[in-house]
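Chain by chain, the residues run as shown.
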Amino acid sequence: MVILVKKAFAVIVLLLVAAGGFLVYDQYGKKDDSEGEPSVPAIMVSDSDVQEAQSETTTEISEEEFIPSVTIECKNSDIHKGELILVNRDFAYVGESNTSLSNIYSMKNDSYYVNSTGMLLETKMINAINNMLADFQAQTGINNILANSGYRSVAEQTELYNADLASTGLETSELVAPPGNSEHHTGYAMDFAINDGESYPAVRNEGEYTWIYDNADKYGMILRYTEENKNITGYMAESWHFRYIGKPHASIVKQTGMAYEEYIFFLKKFTFEEPLEYKYSDNEFYKIYFVNQNHDSDITEVPLTYDAITSTAPEAYSVSGNNMDGFVVTLKVDKLSENYKELSEIVTTAPEVTEAESVSEQVPEDIVTETTEQE
C-alpha cells in the first residue's frame, strides 16, 4: 500500500517552522511488516505548499474540525482480505494463497489441546485463543478445551463436500458447506470441542463453559451462528463455531445482538467524515467507517487520520476488506467528538438485511457430532 499526504498537513508545518526551504519528515510510526501494514515514507513539503497553507489559514477553524489526514492506496483485490470479510452462502471466499497462516500447535499455550499438529490459523486468531483460554483456565481451573477444526483450504472442503454427496446420494449436501463458502477458509474461525478422552463433545454454553460465551468478545471473537439469527445467517445454531473479528467489532456485535451479516451492512452507513464512534471502555475509544471500492481504478484511496498513521500505539488502526465492495477502517482514538452518541441511540432496531443479503435455507455449516469428526 502507498501512503499519500493531503495538503492539510502543510498547516502543521506552518505551525512548526518559518516558511522557506523544505523539511523532510522521516520514518514516522513504522508498522509491523508481518501484519502487512505500511511504513510511512518520507514526506517532503515545498515552499509553495507552505505558502498555500499560509493563505488557507486565514479562515479560523476549531481544533476538532482540523484533522490532518493521509490516504492509503489499497488494491481493490484486498477487499477479499482481512479479519472482517464476510463469507457465507452468498459471498464466497476469494483466493487460495493465504501466506499469513501460522501453525497453532507451535504457538499454543498449555491451557487447551489441539486436534492436529498441522492445524493452521491466522496469527491474530491464535493469539486470541491463547489469551482467552489461559484466562478461562485461571478462572475455572479447566484446561480440556480442544481446538478441533481451524483453517481449511478450498481443496479440503471439496473433498469433504464430495464425500458427503457420495455417502448420501444427494445432488446437494444438506450438511457440508459448499467449497469456497465456509468461514474456515479465512483462517479466522475455530470449532471447539471438549477433550474428555472418549466422545469429544462439542463445547456448549452450559456449566463452567458459559464463561467462554460471556467473555469471547473481549478477545475479539463472536459466536457466529446463533439460534436467534439463524434466519439471517442461513445456518442452524452452532455452539462450537467462533469467529475472530477484533475487539471493538466483537463487542458491538454482542451488545446489539446483530448477526454478522447485519453488522457488516450496518457499517456501510458510516464514512470518514461521519464515522461510528464507539466507547469500548472508559479509556479505549474507536472510530469505525466504510470506504467504497473505486470501480474506476484498480486502486482505492482509503483516508486515515494523520495521528493514526504516525501513532506508536499498538493496533492504532486497521484496514480490512468486507469481501463485497469496500474496506472497513478501525481507528483507535484518544477521545470521542462532541457529537458522540451511545450505541443504543444509533442502533434502535436491527438493520434490515435484504433477501439478496441473507440466506433462507437453514442448514448447518459444519457437521459436528459428539466426536472430533468434522464435516
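The rules behind these values
- Residues numbered from 1 in each chain as written.
- Predicted model: local features only at pLDDT ≥ 70, side-chain atom pairs only at ≥ 80, totals over all residues.
- Heavy atoms only, no water.
- Core = buried A, V, L, I, M, F, W, Y, C linked by side-chain atoms within 4.5 Å.
- Buried < 20%, exposed > 50% of the residue type's maximum accessible area, 1.4 Å probe, protein only.
- Helix = DSSP H or I, 4+ residues; strand = E, 2+ residues; numbered from the N terminus.
- Contact = heavy atoms within 4.5 Å.
- Salt bridge = Lys/Arg side-chain N within 4 Å of Asp/Glu carboxyl O.
- Polar contact = N/O pair within 3.5 Å; in protein donor to acceptor, adjacent residues only side chain to side chain.
- Pairing = 2+ DSSP bridges.
- Axes fitted to C-alpha atoms, helices over the stretch in contact; angles between N-to-C directions.
- pLDDT = per-residue confidence, 0-100.
- Expected span 1.5 Å × (residues − 1).
- Arc of directions from axis to C-beta.

**Some details on the nonpolar core**
- By size, the foremost hydrophobic cluster in this structure holds 44 residues, and its most contacted members are Tyr 263 and Leu 304.
- Per element, the largest residue contribution to this core is six residues, and it comes from strand β13 (residues 284-292).
- Once you skip the residues sitting within four places of it in the chain, Tyr 263 turns out to touch His 249, Ile 252, Val 253, Met 258 and Ile 288.

**Some points on the pattern of salt bridges**
- All chains considered together, the criterion is met by eleven salt bridges.
- Lys 230 serves as the salt-bridge partner of Glu 227, at 2.7 Å between the closest nitrogen and oxygen.
- Judged by its relative accessible area of 45%, Glu 227 falls in the partly exposed class.
- Among the charged side chains, a salt-bridge network with shared partners connects Glu 183, Arg 224, Arg 243 and Glu 261.

**Brief notes about the side chain of Asn 322**
- Secondary-structure assignment places Asn 322 in the loop between β15 (317-321) and β16 (326-333).
- Within the structure, Asn 322 has its side chain in polar contact with the backbone nitrogen of Met 324 (distance 2.8 Å).
- Once you skip the residues sitting within four places of it in the chain, Asn 322 turns out to touch Ile 79, Leu 84, Ile 85, Leu 86, Ile 264 and Phe 290.

**Some remarks on the sheet that holds β13**
- An order of β12-β13-β16-β15 is seen for the four strands of this open sheet, with the pairing classed as antiparallel. Pairing within the sheet leaves two strands with one partner each, and these edge strands are β12 (276-281) and β15. Sheet twist, expressed as the mean angle between neighbouring strand axes with direction ignored, is 20°.
- With eight bridges joining them, β13 and β16 adopt antiparallel strand pairing. Bridge assignment links Lys 287 to a residue of β16, and that residue is Leu 331.
- The sheet contacts of helix α8 (residues 247-256) involve β12, β13 and β16, and relative to β12 the element is tilted by about 95°.

**Description of the confidence of the model for the protein**
- On average, the protein scores 80 in pLDDT, and the residues at 70 or more come to 73%.
- Ignoring residues within four places in sequence, the model shows residues 5-64, a span with pLDDT below 50, making 85 contacts including any to other chains.
- Counting interchain partners and residues more than four positions distant, the pLDDT-below-50 stretch residues 354-375 has 87 contacts.

**Comments concerning the environment of Asp 325**
- By secondary structure assignment, the location of Asp 325 is in the loop between β15 and β16.
- C-alpha separation for the pair Asp 325 and His 80, spaced 245 residues apart in sequence, amounts to 9.0 Å.
- Excluding anything up to four places from it in sequence, Asp 325 contacts Ile 79, Lys 268, Phe 290, Val 291, Asn 292 and Gln 293.
- A polar contact is formed between the side chain of Asp 325 and the side chain of Lys 268, at a distance of 2.6 Å.

**Considering the pairing of strand β10 (residues 221-225)**
- Within β10, four of the five residues are buried, which leaves it mostly tucked inside the rest of the structure.
- Both β10 and strand β11 (residues 238-244) contribute to a ladder of four bridges, which runs antiparallel. When the bridges of β11 are listed, Ile 222 appears paired with Arg 243.

**Section: unusual backbone geometry**
- At Tyr 200, a position not held by glycine, the phi torsion is positive, near 50°.
- Following the sequence through the fold, Tyr 200 ends up in the loop between β9 (189-194) and α6 (210-215).
- Of the residues examined, Tyr 200 reaches a relative accessible area of 24% and is grouped as partly exposed.
- Of note, Asn 323 is a non-glycine position whose phi angle comes to about 70°, a positive value.
- When you line up the elements, Asn 323 lands in the loop between β15 and β16.
- Among the residues examined, Asn 323 registers a relative accessible area of 4% and is labelled buried.

**Here we look at helix α5 (residues 154-168)**
- The terminal C-alpha atoms of α5, which comprises 15 residues, lie 21 Å apart, in line with the 21 Å expected from a rise of 1.5 Å per residue.
- Turning to α5, its buried residues are Gln 157, Tyr 161, Asp 164 and Leu 165. With its buried residues spanning 100° around the axis, α5 presents them on a single face. For α5, the exposed residues lying more than 90 degrees away from the buried face are Glu 159, Ala 166 and Ser 167.
- Phi turns positive one or two residues past the end of α5, at Gly 169, with a value near 80°.

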